[in-house]
2 protein chains.
Amino acid sequence: MKPNDLEAYLHEHIPISHQMGIYVVRADLECVTLGAPLEPNVNHRSTVFGGSCASVAMLAAWCIVLLRVREAGRDARIVIQHGEVDYLVPIDGAFSATSRSPEEAVWSRFLRSLERGRPARVELAADVESASKLVAKMAGSYAALPIRKR
Amino acid sequence: MKPNDLEAYLHEHIPISHQMGIYVVRADLECVTLGAPLEPNVNHRSTVFGGSCASVAMLAAWCIVLLRVREAGRDARIVIQHGEVDYLVPIDGAFSATSRSPEEAVWSRFLRSLERGRPARVELAADVESASKLVAKMAGSYAALPIRKR
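Rules of the game
- Residues numbered from 1 in each chain as written.
- Chains lettered and ligands numbered in written order.
- Predicted model: local features only at pLDDT ≥ 70, side-chain atom pairs only at ≥ 80, totals over all residues.
- Contact = placed C-beta atoms within 7 Å.
- Helix = DSSP H or I, 4+ residues; strand = E, 2+ residues; numbered from the N terminus.
- Nonpolar A, V, L, I, M, F, W, Y, C, P; charged D, E, K, R; others polar.
- Pairing = 2+ DSSP bridges.
- Least-squares fit on C-alpha atoms with pLDDT ≥ 70 in both.

## Here we look at the interface of chain B and chain A
Interface size is often expressed as the accessible area that is lost when the parts come together.
Part 1: Contacts between chain B and chain A engage 31 residues on the former and 31 residues on the latter.
Part 2: At the level of elements, α2 (15–19), α3 (50–71) and β3 (76–87) of chain B are the ones that each hand at least two residues to the side of chain B that touches chain A.
Part 3: Broken down by element, the residue count for the side of chain B that touches chain A peaks at ten residues, all from β3 of chain B.
Part 4: Grouping the constituent residues of the side of chain B that touches chain A by class yields 15 nonpolar, twelve polar and four charged.
Part 5: Note that strand β3 (residues 76–87) of chain A and β3 of chain B share five bridges and pair antiparallel. Considered in β3 of chain B, the bridge of G83 of chain A is made with V85 of chain B.

## Re the pairing of strand β4 (residues 95–100) of chain A
All names here are of chain A.
Part 1: Two strands pair when backbone bridges link them, and strand β2 (residues 31–36) and β4 are joined in this way by six bridges, in the antiparallel orientation. In the sheet register, G35 faces β4, and the bridge partner there is S96.
Part 2: Bridge count for β4 against strand β5 (residues 120–130) is three bridges, and the pairing is antiparallel. Directly across from S96, in β5, lies its bridge partner E129.

## Describing the relation of the copies chain B and chain A
Part 1: If you rotate chain B by 180° and push it 0.0 Å along the axis, it lands on chain A with an RMSD of 0.0 Å. Taken together, the rotation and translation relating the two chain copies correspond to the operation of a two-fold axis. Relative to the rotation axis, the C-alpha of E84 of chain B is the closest in chain B, positioned 2.0 Å from it.

Here's what the structure looks like:
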């Protein structure tokens, strides 16, 4: 799944991501970076709404799981089970969220669970940056639930 | 600030809240409930996008702080410093987030800080429900930063 395809997928299937102006900066098995402009995500103080910041960060990490599951030729319902965000400073411009892949051993375990038809879980993080400065940090627990063929 | 005024305020100052279809169900010093339909917040599996769920819940608690600050005749920059959401089950329809006020002693301390020109902090929670079922829980740390008159 190439960056352009991922962006089209997000905009089609999660329409609020389109409203938020989310675009894919980088998307591969090692790292996903999603960007977003200030304007559609602005709050009452001309900085980024906390909910938009959380959305972009949670989505960046979710995309890593999607790419890993697709790469393995699997289909699964990928959901976030817990997500938390530390807001470090107000974000007063365009911003991006980068989620980096954990080590391969984590994905080996993860995919083994899926292959056995069991829910697979993974902890991921995302750093939110604006103007090359770290502005927020997200940590999330994601699960991929095998889709049973009928 | 009446529910209708709060809704207009949110839609004007946090435009993505309008895109999410967020509306005010109840808004007073004791409790804020915000509702949202599924459609603009839908994800790839026809359930609510986790980022939208987080946004509505974080905003409900934020509104309580806004109403408390306004009631006290103060002006302050109200920000979320940390927010976390437990996603209990997929949300497959319209949903709402309810944040209830903590005890009055919490607000007394909070407003005392503001009166002294210091940042005031408060921990709030919000329950997200859909079809009368608890579907997610949010906990957030909020700060009101005094606005210095120039």
